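What the coordinates show
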Amino acid sequence: MNGYDLARGLHILAVIAWMAGMLFLPRLYAYDAEQNGKPEPLKSEMQTLLRLWQARLLRIIVNPAMTLAFVFGGWLIYLDVEMRGWAFLAEPWMVTKLAGVFLLAGWHGFLSAERKRIAAGTSTRAGRFWRMTNEIPFVLAIIMVLSVTTEWTF
Ligand code: HEM
C-alpha cells in the first residue's frame, strides 16, 4: 500500500457519504413542504421532526463529509503534483472535475441556506421543486467520476 492508494480510498469514502447526504436532504425538504396542506397538530409535529432530521443530517453527515472530501482531494492534488507536476490541473478532465466540485459545493451551500429558511418558515419552495432538482448531485457525480476514471482529453 502506498500513500496515494490510501488517499484515494479515503477520498472515495468521504465522497460516498457527501453524496448520500446530498441526495437525501432534498427528500426531507420535499416531505416538509408537502406537510403544508395537512391539518394541525399533525403538520406541526411532522415539520418539527423533519426539521430536526434536516439539521442533524447537515451537521453530522453532510458538512463533515464535504470537509473530508476536500481534505483527501487536496491530499491527492499534492501527491499528483509530486508525481506528474502542476500541468495535470489544467488538463480538460481535471478542469471538468474541478468545475463539478465547484458546482456541487455551490449546491451544498444553497441547500444549507434553504434549511435555515425552512426552519424560519420563510421558504417558498414547493415539494415539486425538490423532487425536480433531486438528481442534480448525481448528474454532477457522473461527470466527476467519469472525468477522473477516464482522464479524457480532446
Ligand atoms: C471536494 C473536492 C474534491 C477534490 C479537491 C478532488 C480531487 C481529486 C483528485 C486530485 C483526484 C486524483 C485524480 C487522479 O490523478 O486520478 C481525485 C480522484 C477521484 N475523485 Fe475527487 N475531488 C473532489 C471531490 C470529488 C467528488 C465530489 C467526487 C464524486 C462525486 C470525486 C470522485 C473522485 C473519484 C472517483 C476519483 C478517482 C480515484 C482513483 O484514482 O481511483 N471527487 N479527486
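Report follows, based on the coordinates. This structure is a prediction, so every number in the text was calculated from the model and none was measured.

**Let's talk about the nonpolar core**
- In this structure, Trp18, Met22, Tyr29, Leu104 and Leu111 are the most contacted members of the largest nonpolar core, which totals 25 residues.
- Every element with two or more residues in this core is listed here: helix H1 (3–33), helix H2 (42–84), helix H3 (92–120) and helix H5 (136–150).
- The dominant element in this core, judged by the number of residues it contributes, is H1, at eight residues.
- For Leu104, the contacting residues outside a window of four places in its chain are Trp18, Met19, Met22, Pro137, Leu140 and Met144.

**Some remarks on the pattern of salt bridges**
- Under the counting rule described, the total for this entry stands at seven salt bridges.
- For Asp32, the salt bridge identified is with Arg51, shortest N-O distance 2.9 Å. With a gap of 19 residues between them, Asp32 in helix H1 and Arg51 in helix H2 connect regions that are remote in the sequence.
- The closest approach of N and O atoms between Glu151 and Arg84, which form a salt bridge, is 3.3 Å. Taken as a pair, Glu151 in the segment after H5 and Arg84 in helix H2 lie far apart in primary sequence, 67 residues in all.
- Accessibility expressed as a relative area gives 33% for Glu151, which makes it partly exposed.
- Look at the salt bridges and you will find they share partners, linking Asp80, Arg84 and Glu151 into a network.

**Here's the deal with the coordination of the iron atom of the ligand**
- Distances from the iron atom of the ligand to its protein donors, His11 (NE2) and Lys97 (NZ), fall within 1.7 to 2.0 Å.
- Its six donor atoms give the iron atom of the ligand angles of 82 to 178° at the centre, a pattern that matches the octahedral case. One end of the pair, His11, is in helix H1; the other, Lys97, is in helix H3, and 86 residues separate them in sequence. Residue His11 shares its accessibility class with Lys97, and that shared class is buried.

**Concerning the site of the ligand**
- Neighbouring the ligand are 22 residues; Tyr4, His11, Asp80, Arg84 and Lys97 lie closest to it.
- Here a nitrogen atom of the ligand and a side-chain polar atom of Lys97 are 2.5 Å apart.
- One of the side-chain nitrogen or oxygen atoms of Glu151 is found 3.3 Å away from an oxygen atom of the ligand.
- The pocket occupied by the ligand, as judged from atoms lying within 2 Å of grid points, is the largest pocket.
- With seven residues, H2 is the single largest residue contributor to the shell around the ligand.
- Class assignment for the residues of the shell around the ligand results in 15 nonpolar, two polar and five charged.

Definitions and limits used
Residues numbered from 1 in each chain as written. Predicted model: local features only at pLDDT ≥ 70, side-chain atom pairs only at ≥ 80, totals over all residues. Heavy atoms only, no water. Core = buried A, V, L, I, M, F, W, Y, C linked by side-chain atoms within 4.5 Å. Buried < 20%, exposed > 50% of the residue type's maximum accessible area, 1.4 Å probe, protein only. Helix = DSSP H or I, 4+ residues; strand = E, 2+ residues; numbered from the N terminus. Contact = heavy atoms within 4.5 Å. Salt bridge = Lys/Arg side-chain N within 4 Å of Asp/Glu carboxyl O. Donors = N, O, S within 2.8 Å, 3.2 Å for Na, K, Ca; no water. Tetrahedral: all angles 85-135°; square planar, octahedral: opposite > 155°, others 65-115°. Near = heavy atom within 4 Å. Polar contact = N/O pair within 3.5 Å; in protein donor to acceptor, adjacent residues only side chain to side chain. 1 Å grid on protein atoms, 1.4 Å probe; cavity = no way out; pocket = protein on both sides within 12 Å on 5 of 7 lines; lining within 4 Å. Sits in = over half its atoms within 2 Å of the grid points. Nonpolar A, V, L, I, M, F, W, Y, C, P; charged D, E, K, R; others polar.

Distances and angles like these do not, on their own, reveal function.
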